[in-house]
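# Working through the structure, step by step
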Amino acid sequence: MKTYTSYILLLICLICTTKATAQRMDRQQYISKYKNWAVKEMQRTGIPASITLAQGILESDCGNSDLAIDANNHFGIKCHSDWTGPTMHKDDDLKNECFRSYDSAYDSFKDHSNFLVSKSRYAELFELEKTDYKGWAKGLKKCGYATEPTYADRLIKIIEEEGLSSLDSGGEIVDAKVDKKKETEVATDIAYDVESGKIVKKKTTDPSRKPVIKSDFEIDPFEAHTVLYNNGVRYVEVKKSDSFASIANEFHLMMWELLKYNDLDKNADIKTIKHLYLRPKKNRSHPDCPTHTVKNGDTLWSIAHKYGIKLSKLRKRNGLANGVEPRVGDELELR
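Residues numbered from 1 in each chain as written. Predicted model: local features only at pLDDT ≥ 70, side-chain atom pairs only at ≥ 80, totals over all residues. Heavy atoms only, no water.

## Quick word on the side chain of Ser-113
Mapped onto the secondary structure, Ser-113 falls in helix α5 (residues 105–118). Only 2.6 Å separates the side chain of Ser-113 from the side chain of Glu-41, close enough to count as a polar contact. Those residues in contact with Ser-113 that sit more than four places away from it in its chain are Glu-41, Arg-44, Thr-45 and Ile-47. (Helix = DSSP H or I, 4+ residues; strand = E, 2+ residues; numbered from the N terminus. Polar contact = N/O pair within 3.5 Å; in protein donor to acceptor, adjacent residues only side chain to side chain. Contact = heavy atoms within 4.5 Å.)

## Considerations on the sheet that holds strand β5 (residues 228–230)
Judged by pairing direction, the sheet is antiparallel, and its 3 strands sit side by side in the order β5-β6-β7 without closing on themselves. On the outer flanks of this sheet lie β5 and β7 (275–277), each paired with one strand and no other. Pairwise comparison of adjacent strand axes, ignoring direction, gives a mean angle of 45° for this sheet. Pairing of strand β6 (residues 233–237) with β7 involves 3 bridges; the strand directions are antiparallel. Paired with Glu-237 across the bridge in β7 is His-275. (Pairing = 2+ DSSP bridges. Axes fitted to C-alpha atoms, helices over the stretch in contact; angles between N-to-C directions.)

## Quick word on the packing of helix α6 (residues 133–142) against helix α7 (residues 151–162)
Two elements in contact, α6 and α7, have axes separated by 8 Å at closest approach and are oriented at 150°. By the angle between their directions, the pair α6 and α7 is classed as roughly antiparallel. The two elements α6 and α7 cross, and the hand of that crossing is right-handed. The residues of α7 that touch α6, namely those facing Tyr-133, Lys-134, Ala-137, Lys-138, Leu-140 and Lys-141, are Tyr-151, Ala-152, Leu-155, Ile-156, Ile-159 and Glu-160. Of the residues assigned to the contact of α6 with α7, the class counts are 8 nonpolar, no polar and 4 charged. (Parallel < 35°, antiparallel > 145°, perpendicular 65-115°, else oblique. Left-handed = near helix turned anticlockwise from the far one by under 90°. Nonpolar A, V, L, I, M, F, W, Y, C, P; charged D, E, K, R; others polar.)

## A closer look at the packing of aromatic side chains
Summed over all chains, the structure comprises 12 aromatic pairs. Measuring from ring centre to ring centre gives 5.2 Å for Tyr-34 and Trp-37, while their planes differ by 50°; the resulting arrangement is tilted. With Tyr-34 and Trp-37 both in helix α2 (residues 27–45) and 3 residues apart, the pair spans about one turn of that helix. The residues Tyr-34 and Trp-37 share a single accessibility class, namely buried. Taken together, the aromatic side chains of Tyr-30, Tyr-34, Trp-37, Phe-75, Tyr-106 and Phe-109 make up a single cluster linked through ring pairs. Positioned above the aromatic ring of Phe-99, the side-chain terminus of Lys-90 is 5.7 Å from the ring centre. Across from the ring centre of Phe-126, 4.6 Å away, lies the NZ or CZ of Arg-234, which sits over that ring. (Phe/Tyr/Trp six-rings, centres within 6.5 Å; stacked < 30°, edge-to-face > 60°. Buried < 20%, exposed > 50% of the residue type's maximum accessible area, 1.4 Å probe, protein only. Lys NZ or Arg CZ within 6 Å of the ring centre and 35° of its normal.)

## Topic: the pairing of β6
In terms of burial, β6 is largely enclosed, as 4 of its 5 residues are buried. In the sheet, β5 pairs with β6 via 3 bridges, with the strands oriented antiparallel. Directly across from Leu-228, in β6, lies its bridge partner Tyr-235.

## Section: unusual backbone geometry
Unlike most non-glycine residues, Asn-72 shows phi in positive territory, near 55°. Along the polypeptide, Asn-72 turns up in the loop between α4 (66–71) and β1 (87–90).

## Here we look at the side chain of Lys-281
Following the sequence through the fold, Lys-281 ends up in the loop between β7 and β8 (291–293). For Lys-281, a relative accessible area of 3% puts it in the buried group. Side-chain polar atoms of Lys-281 contact the side chain of Asp-263, separated by 2.7 Å. Excluding anything up to four places from it in sequence, Lys-281 contacts Val-233, Tyr-261, Asn-262, Asp-263, Ala-304, His-305, Gly-308, Ile-309 and Lys-310.

## A short note on α2
A maximum bend of about 55° is found in α2 at Tyr-34. Taking the backbone nitrogen of Gln-28 as reference, a side-chain oxygen 3.2 Å away marks Asp-26 as the first, capping residue of α2. The positive-phi residue at the C-terminal boundary of α2 is Gly-46, with phi of around 90°. (Bend = angle between axes of the 7 residues up to and from the residue.)

## Section: the packing of helix α3 (residues 49–60) against α6
The relative placement of two packed helices is expressed as an angle between their axes plus a distance between the axes. Here α3 crosses α6 at 45°, and the two axes come no closer than 9 Å. Relative to α6, the element α3 lies oblique. In this structure, α3 crosses over α6, and the sense of that crossing is right-handed. Residues Ser-50, Ile-51 and Gln-55 of α3 lie in contact with α6, whose contacting residues are Tyr-133, Trp-136, Ala-137 and Leu-140.

## Re the state of the cysteines
All chains considered together, the criterion is met by 1 disulfide. Here Cys-79 pairs with Cys-98 through a disulfide, and the sulfurs are 1.9 Å apart. Where Cys-79 bonds to Cys-98 through sulfur, the torsion about that S-S bond is close to -70°, and the disulfide is left-handed. With Cys-79 in the loop between α4 and β1 and Cys-98 in strand β2 (residues 97–100), this pair connects stretches of sequence that are 19 residues apart. Here Cys-79 falls in the buried class, since its relative accessible area comes to 7%. (Disulfide = S-S within 2.5 Å.)

Any functional reading would require information beyond the geometric quantities listed.
Structural data, given as structure tokens:
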């Protein structure tokens with residue numbers, strides 16, 4: 001009986017080992033599978049696609065880590081105090097640390113972008129060009145994304161070895177290497193139509209075409225907001241279906257933070273607002289906009305909001321007491 005039990009346990013171990021080995025992705029397969037998401041997130045938030053992919057490769061071991069497999073967490077993002085979603089605990093820098101868990105890998109990619117956009121410590125990265133992958137890699141390490149001393153160098157090495165930087169300037173990289181037998185198989189090539197915002201799927205059996213890894217996933221439509229900039233401050237345009245809570249939740253902000261950044265009180269009506277800032281507005285306007293002549297319909301709040309200036313600073317700069325509005329024709333100093 002003991003021998004039979006040992007045999008069964010050995011057989012189970014062999015099956016599990018074989019299964020794990022068969023499903024393990026390599027670096028090229030990971031790139032082929034997730035590059036569209038990285039590019040889309042770059043278009044939405046300005047984070048270089050090369051950086052997103054390199055971080056995913058490094059943090060998730062090409063999607064093979066326990067965190068990626070069991071929690072769909074490809075970027076090693078921990079819970080932090082503002083996370084209200086599902087979690088997974090595992091040893092990292094400390095024992096039994098809390099990590100975010102997602103319903104899909106797609107949610108992990110989107111949350112990675114929103115995480116960097118919403119945290120003030122990463123704000124300086126968004127002043128870099130999308131094509132400056134070295135600056136982004138070094139900046140992530142400097143801003144504390146990872147504690148590993150060679151983190152930036154490892155990201156740069158992955159990007160340069162795989163030619164990922166071409167994605168940052170709108171180029172393409174060579175598709176993943178696959179078994180010759182797969183070159184003539186029907187493959188699903190998933191791409192985004194930027195104009196329509198829809199997902200386009202093409203199928204091909206042309207053996208001369210570059211090989212494509214067959215996709216075993218569906219990409220949910222990107223309904224998230226595109227992050228834009230005004231006076232150096234990140235903002236989003238408000239959609240009809242939006243609420244303050246939905247935008248705060250999307251970018252991991254507290255409600256009071258979103259309202260404060262936009263000089264609004266809790267009774268504000270989002271239907272009257274065209275855009276919302278995701279970070280505190282500046283103390284003064286952009287140098288190209290030193291003054292503003294007040295027009296019909298202008299309020300001090302609408303002027304401050306238009307130029308990305310804190311309402312209190314605009315009021316103080318122009319000597320206007322609380323509750324006092326400028327008159328039509330007045331020229332306000334914005335700097």
